[in-house]
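Coordinate analysis (summary)
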Amino acid sequence: MRKTATRLTKVRINGQRYWCVIWPKIGKGRNRRFFRATGRSDDDQGKREAETFLSTKLIERENYGTAAMAFTERQRAEYLESAEKLKPFGKTIRDAVAFYLPHLQATNRTCTAVDLVAELLKVKAADGASERYLGDLRSRLGHFAADFDGKPIAEITALELDNWLRSLADADTGKLLAPTTRNNFRRVLIVAFNFAQARGYCVGNPASKSAEAKEVKLAAGILTVQQAADLLSHSDDKIVPAVALGFFAGLRPEAEGQHLDWSHIDFSDRTINIEPDKTKADSSARYVNMADNLVAWLTPYRKNCGKIFPPLTEYYELLREARDKAKITSWPHDACRHCFGSYHYGAHRSAAETQAQMGHSNAKIFFKHYRKPLKQSLAARYWNIFPLHRKGKKVVQFKAAA
């Protein structure tokens, strides 16, 4: 390809004479600068100015080469200014471009918050995520998508997410969300932005840089021995086995109870074969040993096969009715499973054994969320809650601890 030469030429524009200096441009094309002719060729101020400018460009070519000469005055000024600002950090213009270019590329192919949430839910569903997990994503990210509607994902900053998380409030009371609930929103945001980053919609994950709310560490919420006995006593026959399996086997109602069949329970060797749904880790699959009182609670309802837990909606409705009848006004989160973990550890004093029975992948989960220190004598009373039927009315008795 023919290269542009640095030269002076005479041109006429709209009938007016000009002197034109031509020099190469970076890449393709050429630069031009015009000087208006002011008189005869031997006494032309415009020509003298053009020749001076041409000499400057030729000197630049001699000193710096054709590429440097191709810079305009503005480009040269910008370069020097930018280089000076980067100098204290030991970085170059090339470093700055390499850092900023991915952001520009992501901005060109980014999507809105609404589009991102819709795409994420579609992918998670195709990958086999549980309906419960999808519901959690749909609910929490739905708030995020609504509040950031129309804003490109690539332009959302950690500061904006910080402010948004801190502003979240309960729709009914107007009170700011508790730290744990706020952190649950932050957790799903990190999932969403990891997905966006993998798809090239943003360069980094601003959610992971947002502040995590400080959670006050509280002991695991459990029921008293008497409350557990009262709840079982007032439970409808449709949920007695399910409640007993929560209290005395630590089963999760959604992930494990809904998949449990009477055929999974072996009364001969007193074990329960737990086969969680496919969204749970393999470590959740396990055999749970049945205590004497659990065998006693299950035996009257025993079948060869068939579902043990009723549908979740019916289960929670009947559980609420039983709580009301038992006058249990405060219901800790995941109360039945938490009771199992705390009372089992209190009776056996073996974190490894309790962890294995609950299907935890590591002891940290158990000690952080499920253990409440209890005396062995109190734990023994819990494992001696037995059913007793008299004249068709179900009551509960406590056997003497061994």
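The paragraphs below set out a description of the structure included in this document. Please read these numbers as outputs of a predicted model, since none were measured by experiment. (Residues numbered from 1 in each chain as written. Predicted model: local features only at pLDDT ≥ 70, side-chain atom pairs only at ≥ 80, totals over all residues. Heavy atoms only, no water.)

Turning next to the overall build of the protein chain. Scanning the protein chain from terminus to terminus reveals 15 helices and eight strands. Burial status across the protein chain gives 38% buried among its 402 residues. Summarising the internal contacts of the protein chain: among those between residues at least 6 apart in sequence, 60% fall at separations of at least 24. Element-wise, carbon and sulfur atoms account for 51% of the exposed surface of the protein chain, whose accessible area totals about 23,500 Å². (Helix = DSSP H or I, 4+ residues; strand = E, 2+ residues; numbered from the N terminus. Buried < 20%, exposed > 50% of the residue type's maximum accessible area, 1.4 Å probe, protein only. Contact = heavy atoms within 4.5 Å. Areas by Shrake-Rupley, 256 points an atom, 1.4 Å probe, with all protein chains shown as cover.)

On to the sheet that holds strand S1 (residues 7-13), then. The strands making up a sheet associate through hydrogen bonds between their backbones, and the pairing can be parallel or antiparallel. With antiparallel pairing, the three strands of this open sheet are ordered in space as S1-S2-S3. Single-partner strands in this sheet number two, and they are S1 and strand S3 (30-36). Each neighbouring strand pair of the sheet contributes to a mean axis angle of 35 degrees, computed without reference to strand direction. Pairing between S1 and strand S2 (residues 16-24): seven bridges, direction antiparallel. (Pairing = 2+ DSSP bridges. Axes fitted to C-alpha atoms, helices over the stretch in contact; angles between N-to-C directions.)

A word on the nonpolar core. Within the largest apolar cluster, 49 residues are counted, with the highest numbers of intra-cluster contacts made by Leu 245, Phe 247, Phe 248, Ile 272 and Tyr 382. Breaking this core down by element, the ones donating at least two residues are helix H8 (225-234), helix H9 (240-249), strand S5 (271-274), helix H10 (292-298), helix H11 (312-325), helix H12 (335-348) and helix H15 (376-382). Of the residues forming this core, the biggest block, eight residues, is contributed by H9. Those residues in contact with Phe 247 that sit more than four places away from it in its chain are Leu 223, Ala 228, Leu 231, Leu 232, Cys 336, Cys 339, Phe 340, Tyr 382 and Trp 383. (Core = buried A, V, L, I, M, F, W, Y, C linked by side-chain atoms within 4.5 Å.)

Moving on, we come to the packing of H12 against helix H13 (residues 351-358). As a packed pair, H12 and H13 sit with axes 9 Å apart at the nearest point and diverge in direction by 150 degrees. Compared by their axis directions, H12 and H13 come out roughly antiparallel. The hand of the H12/H13 crossing is right-handed. Judged by residue contacts, Arg 337, Phe 340, Gly 341, His 344, Tyr 345 and His 348 of H12 engage Ala 351, Glu 353, Thr 354, Gln 357 and Met 358 from H13. (Parallel < 35°, antiparallel > 145°, perpendicular 65-115°, else oblique. Left-handed = near helix turned anticlockwise from the far one by under 90°.)

Moving on to unusual backbone geometry. Located in the positive-phi region is Asn 14, a residue other than glycine, with phi close to 50 degrees. Examined against the element boundaries, Asn 14 turns out to sit in the loop between S1 and S2. Taking relative accessible area as the criterion, Asn 14 reaches 80% and is therefore assigned exposed. The backbone of Asp 334 shows a phi angle near 50 degrees, a positive value even though the residue is not glycine. Tracing the chain through its elements places Asp 334 in the loop between H11 and H12. Using a relative accessible area of 27% as the deciding quantity, one classes Asp 334 as partly exposed.

Attention shifts here to the packing of aromatic side chains. Inspection of the entire model under this criterion finds 17 aromatic pairs. Here Phe 340 and Trp 383 contribute two aromatic rings whose centre-to-centre distance is 5.9 Å and whose plane-to-plane angle is 80 degrees, an arrangement assigned as edge-to-face. Here Phe 340 is found in helix H12, whereas its partner Trp 383 is found in the loop between H15 and strand S7 (385-390), with 43 residues between them in sequence. The class of Phe 340 is buried, set by a relative accessible area of 1%. The class for Trp 383 is buried, based on a relative accessible area of 13%. Among the aromatic side chains, those forming a connected cluster through ring pairs are Phe 247, Phe 248, Phe 340, Tyr 343, Tyr 382 and Trp 383. Here the guanidinium or amino end of Arg 33 rests over the ring plane of Phe 53, the centre of that ring lying 4.7 Å away. (Phe/Tyr/Trp six-rings, centres within 6.5 Å; stacked < 30°, edge-to-face > 60°. Lys NZ or Arg CZ within 6 Å of the ring centre and 35° of its normal.)

Moving on, we come to the pattern of salt bridges. All chains considered together, the criterion is met by 12 salt bridges. For Glu 119, the salt bridge goes to Arg 199, with nearest N and O atoms at 2.4 Å. With Glu 119 in helix H4 (residues 113-126) and Arg 199 in the loop between helix H7 (179-198) and H8, this pair connects stretches of sequence that are 80 residues apart. The partly exposed category is assigned to Arg 199, whose relative accessible area is 39%. Across the pair Arg 320 and Asp 324 runs a salt bridge, and its minimum N-O distance is 3.0 Å. Highlighted residues: Arg 320 and Asp 324, both in helix H11, separated by four residues, approximately one helical turn. According to the relative accessible area criterion, Asp 324 is partly exposed, its value standing at 48%. One salt-bridge network, held together by shared partners, links Asp 136, Arg 140 and Arg 187. (Salt bridge = Lys/Arg side-chain N within 4 Å of Asp/Glu carboxyl O.)

With that settled, consider the environment of Asn 31. On the secondary structure map, Asn 31 appears in strand S3. In this structure the C-alpha to C-alpha distance between Asn 31 and Thr 6, which are 25 residues apart in sequence, comes to 9.5 Å. Of note is the side chain of Asn 31, whose polar atom sits 3.1 Å from the backbone oxygen of Pro 24. (Polar contact = N/O pair within 3.5 Å; in protein donor to acceptor, adjacent residues only side chain to side chain.)

The strand order across the open sheet formed by three strands is S4-S5-S6, and the pairing between neighbours is antiparallel. What marks the edges here is a single partner per strand, and that holds for strand S4 (265-266) and strand S6 (286-289).

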